[in-house]
Amino acid sequence: MPVNKRSKYRGSRTCGGGTHKNRRGAGNRGGRGRAGQRDHRFSHFYLKGEIANGKHGFINKTSVPVSALDIGEIDQMAEALLREGLATREGDLIALDVAELGIDKVLGGGRVTHKMSISAREFSERARAKIEEMGGQTTTA
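Residues numbered from 1 in each chain as written. Predicted model: local features only at pLDDT ≥ 70, side-chain atom pairs only at ≥ 80, totals over all residues. Heavy atoms only, no water.

Draft legend 1. Looking closely at the overall build of the chain. When helices and strands are counted, the chain shows four helices and seven strands. Listed N to C, the secondary structure of the chain is α-α-β-α-β-β-β-β-β-α-β in terms of helices and strands. Relative to its length of 141 residues, the chain is extended, with a C-alpha radius of gyration of 33 Å against a globular reference of 14 Å. For the chain, the spread of C-alpha atoms along the three principal axes comes to 105 × 30 × 25 Å. Considering only contacts within the chain whose residues lie at least 6 apart along the sequence, 28% involve residues at least 24 apart. For the chain, the exposed area adds up to about 10,500 Å²; of that, 50% sits on carbon and sulfur atoms. (Helix = DSSP H or I, 4+ residues; strand = E, 2+ residues; numbered from the N terminus. Rg over C-alpha atoms; globule rule 2.2 N^0.38 Å. Contact = heavy atoms within 4.5 Å. Areas by Shrake-Rupley, 256 points an atom, 1.4 Å probe, with all protein chains shown as cover.)

And the structure:
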């Protein structure tokens, strides 16, 4: 006759778990918390999408993100910016405020082929030199 497991172990000290030391401590359950997520509990955390194999780098809590763009890219976009009305032509100069494009800083990468008057929050030294070398102007807003 089948016996109810609960009542079967009533009065037993270990409820079928062997000696009283066998089910003691966190080692019995493979560690506490997220222990073993890369090892013996890998599949559980993988299925939940909670895999994090160690720490990488750091995040500076006081950093301020700066959106930047190379002067060469601005130069390549100059004609398209004129067509869209984001830049204006003043004689042979192309006048542009890069803050309207969401750019904070103009960097010095690339080639400058147009004579431009650019207004930005910041310029790198190299970008300022390239613009002025071409006969353009830089204004800091």
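Draft legend 2. Quick peek at the side chain of aspartate 104. Within the fold, aspartate 104 resides in the loop between β3 (93-97) and β4 (105-107). With relative accessibility at 18%, the residue aspartate 104 sits in the buried group. Contacts of aspartate 104, omitting those with residues within four sequence positions, involve Pro65, Val66, Ser67, Arg121 and Glu122. (Buried < 20%, exposed > 50% of the residue type's maximum accessible area, 1.4 Å probe, protein only.)

Draft legend 3. Representation of helix α3 (residues 71-84). Under the 1.5 Å per step criterion, the end-to-end length of α3 is 19 Å for 14 residues, consistent within 8% with the ideal 20 Å. Along α3, the sharpest change in direction is near 50 degrees and occurs at alanine 78. Along α3, the positions that sit buried rather than exposed are Ile71, Gly72, Ile74, Asp75, Ala78, Leu81 and Leu82. Elements that come into contact with the buried residues of α3 comprise β1 (68-70), β2 (87-90), β3, β4, β5 (116-120) and α4 (125-133). Two residues or fewer after α3 comes glycine 85, characterised by a positive phi angle close to 85 degrees. (Expected span 1.5 Å × (residues − 1). Bend = angle between axes of the 7 residues up to and from the residue.)

Draft legend 4. Region of interest: the packing of aromatic side chains. Evaluation of the coordinates by the stated rule reveals one aromatic pair. Ring geometry for phenylalanine 42 versus tyrosine 46: centroids 5.5 Å apart, planes at 20 degrees, classification stacked. On the criterion of helical spacing, the pair formed by phenylalanine 42 and tyrosine 46 is a turn pair, its members being four residues apart in helix α2 (residues 42-48). According to the relative accessible area criterion, phenylalanine 42 is partly exposed, its value standing at 37%. Residue classification places tyrosine 46 among the exposed positions, given a relative accessible area of 56%. (Phe/Tyr/Trp six-rings, centres within 6.5 Å; stacked < 30°, edge-to-face > 60°.)

Draft legend 5. Expanded view of the sheet that holds β2. As summarised here, the arrangement of the four strands in space is β2-β3-β5-β7, forming an open sheet in which the pairing is mixed. Whereas interior strands pair on both sides, the edge strands pair on one side only; in this sheet they are β2 and β7 (137-140). Averaged over neighbouring strand pairs, the angle between their axes works out to 20 degrees when direction is ignored. Each of β5 and β7 touches α4; the most contacted strand, β7, lies at about 140 degrees to it. (Pairing = 2+ DSSP bridges. Axes fitted to C-alpha atoms, helices over the stretch in contact; angles between N-to-C directions.)

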